[in-house]
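As a plain string of letters, each chain reads:
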Amino acid sequence: MKLGIVGLPNVGKSTLFNAITQAGAESANYPFCTIEPNVGTVAVPDERLERLKEMYDPDKVTPAVIEFVDIAGLVKGASKGEGLGNKFLSNIREVDAIVHVVRAFEDANIVHVEGNIDPIRDIETINFELIFSDLEIIARRIDRLKKQLKGGDKKYQVEIDFLEALCEKLEKGISARALDFTDDEQEMLKEVSLLSLKPVIYAANVAEDDYAKPMEENVYVQKIAEFAKSEKSEVMVVSARIEEEIAELDNEEKAMFLEELGATESGLDKLIRASYKLLGLISYLTAGKPEVRAWTITKGTKAPQAAGKIHTDFERGFIRAEVVAYNDLMENGSMNAAKEKGLVRSEGKEYVVEDGDIILFRFNV
């Protein structure tokens, strides 16, 4: 999974990226200090791996990972190539979802590119640039379809009508992600890679004093939450400065620090949880002496395709999957004990993998 961190200059975007990846991307109080996208890989916290490690004493433990990409700051006119616009838009095309960092704090020492704090204006600045790019892409698609229509094949008219109706909505400033589409329309959308269709998590960057407070106590956060709800996006509260401090702590110190703040989890943990929910992701597990590992798949994935995440041969030669639920294994203490109670199941090609399934795949090629 690849998440692109975006935001206007000086909203705390690179500070947050540095903190959650400890990748050392340059951070400064001026626009465009992030010119090439910085990339950092973060392990997905999963306490199930620790329990399986105790049980199997494996040679290696491999968690699921998320790749974060810190994408250059944006200004108005990016879709026309202003600032670092072309680079910004091309980098967004490559990510699975967008983490849009929005400034929700006052600080006279940190300049705002627009001169004052207005989170909805900031959100719309970036959303409009994505929409403008989408309108250009759709216009080119419609031109191609109209040329094909001249050949007498009327099937293209349906797609033209759909895209023209979509343009009308985009021109009103409505992002594609806020709209509902039929199955047929979703098929047509595969022909146009729309940026405003990308799933978004709005990360409201608050002052340290506001981090553990209820969302209702920060008027900026409330506005961001209302906007996110209107387009079916996720929202979370984060403090880039606090994440910087947390990044320097070990697990025990981190837990104590969060407790002092009145918080239960770090911004990184919230972000990972929100990302999995937004993209409809789950993890299944494999366990043995060589390795204990988490594998990320889309909810609804069947056993052969889940096996294909490990190796294409596993999917091609799939015979069956031996499955035990994580909780059942833990309650019984060992795989043999779980088998004796009939809790280890043999599943076929139509089995839909559940979160926390521990699976041994049988295959033959």
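Residues numbered from 1 in each chain as written. Predicted model: local features only at pLDDT ≥ 70, side-chain atom pairs only at ≥ 80, totals over all residues. Heavy atoms only, no water.

Enquirer: I'm lost on the environment of Y220 in this one. Help?
Expert: Mapped onto the secondary structure, Y220 falls in helix α7 (residues 219-230). On a C-alpha basis, the gap between Y220 and F105 in space is 7.8 Å, while along the polypeptide they are 115 residues apart. Y220 has contacts with A104, F105, E106, I117 and P119, leaving out every residue within four places of it along the chain. (Helix = DSSP H or I, 4+ residues; strand = E, 2+ residues; numbered from the N terminus. Contact = heavy atoms within 4.5 Å.)

Enquirer: How should I be thinking about the nonpolar core in this particular structure?
Expert: For soluble globular proteins, the rule of thumb is that nonpolar side chains tend to be buried together. If you look at the biggest cluster of nonpolar residues, it comprises 70 residues, and the most contacted ones within it are L52, F68, F88, I92, L130 and Y202. By size, the runner-up hydrophobic cluster in this structure holds 21 residues, among which are I131, I142, L170 and L194. (Core = buried A, V, L, I, M, F, W, Y, C linked by side-chain atoms within 4.5 Å. Buried < 20%, exposed > 50% of the residue type's maximum accessible area, 1.4 Å probe, protein only.)

Enquirer: In this structure, what is going on with the pattern of salt bridges? I would like to understand it.
Expert: Where charged atoms of side chains with opposite charge meet at close range, the side chains can pair. Taken as a whole and assessed by the stated rule, the structure comprises 23 salt bridges. Put simply, R362 and E322 hold a salt bridge, and the shortest N to O gap is 3.1 Å. With R362 in strand β12 (residues 357-363) and E322 in strand β10 (residues 318-325), the pair connects residues that are 40 residues apart, well separated along the chain. On the basis of relative accessibility, which here comes to 17%, the residue E322 falls in the buried class. Bridged by salt links that share partners, the residues D46, R48 and D355 form one connected network. (Salt bridge = Lys/Arg side-chain N within 4 Å of Asp/Glu carboxyl O.)

Enquirer: Would you explain the packing of aromatic side chains in this entry?
Expert: Any two aromatic rings considered together are summarised by their centre-to-centre distance and by the angle between their planes. What the rule picks out here adds up to seven aromatic pairs. A ring pair is formed by Y284 and F361, whose centres lie 5.9 Å apart and whose planes are at 85°; its orientation type is edge-to-face. Pair noted here: Y284 is in strand β8 (residues 281-286) and F361 is in strand β12, with a separation of 77 residues, a long-range link. Classification of Y284 as buried rests on a relative accessible area of 0%. Counting every residue linked through ring pairs, the aromatic cluster contains Y284, W295, F318 and F361. A cation sits over an aromatic face here: R293 above W295, 4.0 Å from the ring centre. (Phe/Tyr/Trp six-rings, centres within 6.5 Å; stacked < 30°, edge-to-face > 60°. Lys NZ or Arg CZ within 6 Å of the ring centre and 35° of its normal.)

Enquirer: Sorry if this is basic, but what is going on with the packing of helix α1 (residues 13-21) against helix α8 (residues 240-247) here?
Expert: Relative orientation and spacing of two packed helices are given, respectively, by the angle between their axes and the distance between those axes. Put simply, α1 and α8 touch, their axes get as near as 8 Å, and they point 25° apart. Viewed along their axes, α1 and α8 adopt a mutual orientation that is roughly parallel. Pair α1 / α8 crosses with left-handed handedness. Every residue of α8 that contacts α1 at T15, L16, A19 and I20 is listed here: A240, R241, E243, E244 and A247. Of the residues that constitute the contact of α1 with α8, the class distribution is five nonpolar, one polar and three charged. (Axes fitted to C-alpha atoms, helices over the stretch in contact; angles between N-to-C directions. Parallel < 35°, antiparallel > 145°, perpendicular 65-115°, else oblique. Left-handed = near helix turned anticlockwise from the far one by under 90°. Nonpolar A, V, L, I, M, F, W, Y, C, P; charged D, E, K, R; others polar.)

Enquirer: Explanation requested: the confidence of the model for the protein chain in the structure shown.
Expert: Low pLDDT means the predicted atomic positions in that stretch should not be read closely. On average, the protein chain scores 87 in pLDDT, and the residues at 70 or more come to 89%. Within the model, pLDDT remains below 50 along residues 28-35, and this stretch shows 25 contacts once partners closer than five positions in the same chain are excluded. (pLDDT = per-residue confidence, 0-100.)

Enquirer: Explanation requested: empty space enclosed by the protein in the structure shown.
Expert: Take a probe with the size of a water molecule and roll it over the atoms, and the empty space left behind shows itself. In the structure shown here, the tally under the stated rule is one cavity of 30 Å³ or more. Roughly 40 Å³ of volume is contained in the largest cavity. Taken together, V206, D210, K213, P214, M215, N218, V221 and V237 form the lining of the largest cavity. Looking at side-chain class alone, the lining of the largest cavity contains five nonpolar, one polar and two charged residues. (1 Å grid on protein atoms, 1.4 Å probe; cavity = no way out; pocket = protein on both sides within 12 Å on 5 of 7 lines; lining within 4 Å. Points joined across faces, edges and corners; volume = space filled by probe spheres on them.)

Enquirer: For this particular structure, what's the right way to read the environment of F17?
Expert: For F17, the location among the structural elements is in helix α1. With relative accessibility at 0%, the residue F17 sits in the buried group. As for F17 and V6, which are separated by eleven residues in sequence, their C-alpha atoms are 9.9 Å apart.

Enquirer: Just checking my understanding: could you explain the sheet that holds strand β6 (residues 200-205) for this structure?
Expert: Pairing between sheet strands relies on hydrogen bonds along the backbone, with the strands arranged either parallel or antiparallel. An order of β2-β4-β1-β5-β6-β7 is seen for the six strands of this open sheet, with the pairing classed as mixed. A single partner strand is all that each edge strand has here, and the edge strands are β2 (38-43) and β7 (234-238). Sheet twist, expressed as the average angle between the axes of neighbouring strands with direction ignored, equals 25°. Of the pairings in the sheet, the one linking β2 to strand β4 (residues 65-70) comprises six bridges and is antiparallel in character. Looking at the pairing, G40 lines up with F68 of β4. Packing of helix α4 (residues 119-149) onto the sheet brings it into contact with β1 (2-6), β5 (97-103) and β6, and relative to β5 it is tilted by some 145°. Across the face of the sheet, helix α10 (residues 267-279) comes into contact with β1, β2, β4, β5, β6 and β7 while running at roughly 175° to β7. (Pairing = 2+ DSSP bridges.)

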